[in-house]
Every structure is written in C-alpha cells, then in structure tokens.
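# What the coordinates show
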Amino acid sequence: MTAGSRLRDIIAREGLAHAMAAHNPLSARLAERAGFHAVWASGFELSAAYGVPDASLLSMTQHLDMTRAIAERVALPVVADIDTGYGNAINVMHVVAAYGRAGVGAVVMEDKLFPKDTSLLAGGRQELVRLEEFQGKVAAACAARPDPDLVVIARTEALIAGAGLDEALARAHAYVAAGADLILVHSKQKTPAEVMDFAARWDGSRPIALVPTAYPELTEAAMKATGKIGLVIYGNHAIRAAVTAMQEVFAQIRRDGGIAQADRRIVSVEDIFELQGVPAMKAAEKTFLR
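Residues numbered from 1 in each chain as written. Predicted model: local features only at pLDDT ≥ 70, side-chain atom pairs only at ≥ 80, totals over all residues. Heavy atoms only, no water.

### Some points on the overall build of the chain
Helix and strand counts for the chain come out as 13 helices and eight strands. Here the C-alpha radius of gyration of the chain, 20 Å, is about what a compact globule of 290 residues would show, namely 19 Å. Over its C-alpha atoms, taken along the principal directions, the chain stretches across nearly 60 × 50 × 35 Å. Evaluated residue by residue, the chain yields a buried proportion of 48% over its 290 residues. In the chain, of all internal contacts separated by at least 6 residues, the share reaching a separation of at least 24 is 70%. Per element, the accessible surface of the chain, about 13,400 Å² overall, is 57% carbon and sulfur. Distance between charge centroids for the chain: 4 Å, based on 30 positive and 33 negative side chains. (Helix = DSSP H or I, 4+ residues; strand = E, 2+ residues; numbered from the N terminus. Rg over C-alpha atoms; globule rule 2.2 N^0.38 Å. Buried < 20%, exposed > 50% of the residue type's maximum accessible area, 1.4 Å probe, protein only. Contact = heavy atoms within 4.5 Å. Areas by Shrake-Rupley, 256 points an atom, 1.4 Å probe, with all protein chains shown as cover. Lys, Arg positive; Asp, Glu negative; His and termini not counted. Charge placed at Lys NZ, Arg CZ, Asp CG, Glu CD.)

Have a look at this one:
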C-alpha cells in the first residue's frame, strides 16, 4: 500500500486518525514510537527549528528536503504542510508532484495569500485568496498527484480571518467540488465551539481535519463522536516539548555548574544510538564487512 492508501485506510478503519507534528526525522521517529497514526511535517515547527518566523520565509526546497528525510525514516504516513502551495495553480502542480515522489501520504494547502503569517499570531496577516482561485489550486493538486490515493487536504482559514462560519462552509463546499479529500478548518477561538458548530452544519461529504492547538480541551473521543472529523493534527507539540525540555535542562546545568544532576533526568547516549539505528548498522557491519 502507498502512504496515501494507508492513511485513507486508517481513517476508514479507525474513524479518526491522529497525527503528531515533527520537524526532523528524530521527532518523527519518537511520534511513531508513541503510537500515532501519522506524522505532520509541520511548516511551523520547521520554521521554529530554523529560528525564523512561520511567514513563508523558508523555501519549498528546504521544507521538501526535510519532509523527504522524515518519510524515509518512519513507516507512518506523512502529512505534508505545503502552506499556500508556493504560488499559483501551476506552482501547486509542481509542488504536489514533488511531495508525492518524496513519499508523503497527504498534502495540506491553505487558502491564504502568499506570503502568509502563521494562523494563531495575534495581529497577523490573514488575508484569504479568492474562492475561485483556490478551487483551481485544489483541482491542480488533485491532477498532479503521482499516486491517485495521495490525500489532498484543503485548509480554509476563513474562521482565522474572521470571515465567519457561513464563509468557511461555502469555501469548504467549493473545495470539495474541486476534488479535496478532506477539509481542514482552523480556528483561533479558545474553546472548540466554533469548529464544533462547523462540524454540526457540515454535510459530511468529506471528513474534517482539525488542529486543536487553541482549544486543547477538545478530546479525540468528542471529535470521533461527531462522525464527521476524520483527522486530528497536533500541530506544534514536538517543538514546544523540545523547547520546554531544553530550557529546563540548560537552566539546571547553569545553576549547578555541571551536568551531574541534569544527566540523571535525560535519556542516555545509548538511547540516542538506538534511535539513530546504530545497533542495526553494527549488525550489518558484522554481516557484510569483510
């Protein structure tokens, strides 16, 4: 099965697939070991890892290279964040074909103008493209995918832009008409009421995807109970967890003037060797080096 067909199978079988963000192969492997269904190759996380804003500053090649590296190191389907598609419908065709060849299971494209600001940034630029223009980009993505099972997820930022529920629903219906396999609806409200209202009014013609960063109290059980939400993406928890842990450990080392106490709190070097695949490499050496 291809990555796209595996992701489709998970959604059909489980009712709700869960994807954890990653910004490199190491974080992706940890997500796989934790039992997530898929990995979200996050543009926000990669931008943060580079130390730059998530504002269309990284190139498509930078993100594609990391996404390919992630897909090569995990068996899980990778859901690729392609932001606004890096241009018009013709650019989208090039991008989706490249990500498909890299082995991803899905691409997510959002209906904002390029360059974009990250969605939850207070005071950020959240202008939407014309509905018809984004329909063309969705159709182009579907036409260009090298694997017909690669999942095309159309993300509407209508709620983020303050355009309201009716606009979000109108855009979602238009994107389904253009060929989208899932609709990702994003919200910056601190409760899930807005996205749950969207789900209640949605016709269910395609599953919904959610990124519940702003409303963390929404559980997978509640999402699954709607019968309409097929994918939940934990969009930035890998980088936030990494920053939290590094801040704590670095601060302790400075407080103590050494690593003795901090060393007891962190994984061993041998654990890192194992994540890197060193035992398998050494076993291969014994077999093949002569």
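### As for the sheet that holds strand β8 (residues 229-234)
As summarised here, the arrangement of the eight strands in space is β1-β2-β3-β4-β5-β6-β7-β8, forming a closed barrel in which the pairing is parallel. Neighbouring strand axes in the sheet, compared pairwise and without regard to direction, differ in orientation by 25° on average. Strand direction decides the pairing type here: strand β1 (residues 17-22) and β8, joined by four bridges, are parallel. Note on β8: the bridge partner recorded for A19 is I233. In this fold helix α1 (residues 3-14) packs onto β1, β2 (38-41), β3 (78-81), β4 (106-110), β5 (151-156), β6 (182-185) and β8, with an angle of close to 65° to the strand it touches most, β5. (Pairing = 2+ DSSP bridges. Axes fitted to C-alpha atoms, helices over the stretch in contact; angles between N-to-C directions.)

### Topic: the pattern of salt bridges
Per the stated rule, a full pass over the model turns up 20 salt bridges. Residues R13 and E14 are paired through a salt bridge, measuring 3.4 Å at the closest nitrogen-oxygen approach. By relative accessible area, E14 is classed as partly exposed at 30%. Among the charged side chains, a salt-bridge network with shared partners connects D54, D83, E110, K112, K116, R155 and E157. (Salt bridge = Lys/Arg side-chain N within 4 Å of Asp/Glu carboxyl O.)

### Brief notes about the packing of helix α4 (residues 60-73) against helix α5 (residues 89-101)
Running from amino to carboxyl end, α4 crosses α5 at an angle of 20°, the nearest separation of the two axes being 10 Å. Overall, the two elements α4 and α5 adopt an arrangement that is roughly parallel. The way α4 lies across α5 gives a crossing that is right-handed. From α4, M60, H63, L64 and T67 reach across to α5, where they touch H94, V95, A98 and Y99. Taken together, the residues that form the contact of α4 with α5 break down as five nonpolar, three polar and no charged. (Parallel < 35°, antiparallel > 145°, perpendicular 65-115°, else oblique. Left-handed = near helix turned anticlockwise from the far one by under 90°. Nonpolar A, V, L, I, M, F, W, Y, C, P; charged D, E, K, R; others polar.)

### A closer look at empty space enclosed by the protein
In total, this model carries two cavities of 30 Å³ or more according to the counting rule given. Its boundaries defined by the atoms lining it, the largest cavity holds a volume of some 80 Å³. Contributing to the lining of the largest cavity are 13 residues, with G43, S47, D54, L58 and D83 lying nearest its centre. In terms of residue count, helix α3 (residues 43-50) provides more of the lining of the largest cavity than any other element does, three residues in total. Residues belonging to the lining of the largest cavity are distributed by class as follows: six nonpolar, five polar and two charged. A total of four residues in the lining of the second largest cavity trace back to one element, the largest contributor, which is α4. The residue inventory of the lining of the second largest cavity, partitioned by class, reads five nonpolar, four polar and no charged. (1 Å grid on protein atoms, 1.4 Å probe; cavity = no way out; pocket = protein on both sides within 12 Å on 5 of 7 lines; lining within 4 Å. Points joined across faces, edges and corners; volume = space filled by probe spheres on them.)

### Digging into unusual backbone geometry
Cis geometry marks the peptide bond from F114 to P115; its omega dihedral reads -5°. Looking at the secondary structure, you find P115 in the loop between β4 and α6 (131-144). Not every positive phi belongs to a glycine, and D83 is a case in point at roughly 50°. Of note, D83 is situated in the loop between β3 and α5. The class for D83 is buried, based on a relative accessible area of 10%.

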